[in-house]
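# Structure assessment
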Amino acid sequence: MKKMMLVLALVAACSLAASATQNVALTNFCDTWDLHVDKGNNPAGASAPKIFVWGSHDTPGTCTGTLDTIGMKHGANAFVPPNDLFGTAHAVYDISDVEGGTIPIEFTIRCGGASGSGAAAFTGGTSFGGHFFIAEDTATCSGKPAPQRVGLKSLVPRQ
């Protein structure tokens, strides 16, 4: 019985380690994200592990209403918003949701700790992703739930 409990505890600890939680709150806009970052399964011959991001946009429902969001983590050079705010290249979470409309909105979110955190929004296109930069802001990233942001406008204006 003790061995079984040890095995179950080990499996639970490994499951927690496999999925990290990242919470993001913008500085000047009401947008927040509660994101999970997971390493996906690689097909045979893949050169690097894929890192998927999924979660909720505006979980408290104070800005846009709670929306599902999904995407991936990848590198971005210093000129890609929001990295341009900090002048250095850094990995970004590249996620998309529809924000209650028919045209998807793409967000790149940088959680850089001491080197700076921020988010940028893009729109355009009729499928996953946006082609036109529309706004960016600095942000706070943490492992705890994102705070409610009341009285601020959303990063993407609604029609």
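Residues numbered from 1 in each chain as written. Predicted model: local features only at pLDDT ≥ 70, side-chain atom pairs only at ≥ 80, totals over all residues. Heavy atoms only, no water.

### Observations regarding the environment of G112
Within the secondary structure layout, G112 lies in the loop between β6 (105–111) and β7 (117–123). Judged by its relative accessible area of 14%, G112 is buried. Placed 21 residues apart in sequence, G112 and A91 show a C-alpha to C-alpha distance of 8.2 Å. (Helix = DSSP H or I, 4+ residues; strand = E, 2+ residues; numbered from the N terminus. Buried < 20%, exposed > 50% of the residue type's maximum accessible area, 1.4 Å probe, protein only.)

### What about the nonpolar core?
Counting 16 residues, the largest nonpolar core has V24, W33, L35, Y93, I95, F107 and I109 as the members making the most contacts within it. Of all the elements in the fold, those that place two or more residues in this core are β1 (19–26), β2 (32–39), β5 (92–97), β6 and β7. With four residues, β6 is the single largest residue contributor to this core. In this structure, L35 is in contact with A20, T21, Q22, V24, V53, W54, G55, T69, Y93, I95 and I109, ignoring residues within four places of it in sequence. (Core = buried A, V, L, I, M, F, W, Y, C linked by side-chain atoms within 4.5 Å. Contact = heavy atoms within 4.5 Å.)

### Side note on the state of the cysteines
Throughout the structure, instances matching the rule amount to two disulfides. The residue that forms a disulfide with C30 is C63, at a sulfur-sulfur distance of 2.1 Å. What sets the handedness of the C30 and C63 disulfide is the S-S torsion sign, and at about 60 degrees it is right-handed. Pair noted here: C30 is in the loop between β1 and β2 and C63 is in the loop between β3 (51–57) and β4 (67–74), with a separation of 33 residues, a long-range link. For the pair C30 and C63, one class covers both residues: buried. Each disulfide pairs two cysteine sulfurs, and for C111 the partner residue is C141, the sulfurs being separated by 2.2 Å. Its torsion about the S-S bond being -75 degrees, the disulfide of C111 and C141 is classed as left-handed. (Disulfide = S-S within 2.5 Å.)

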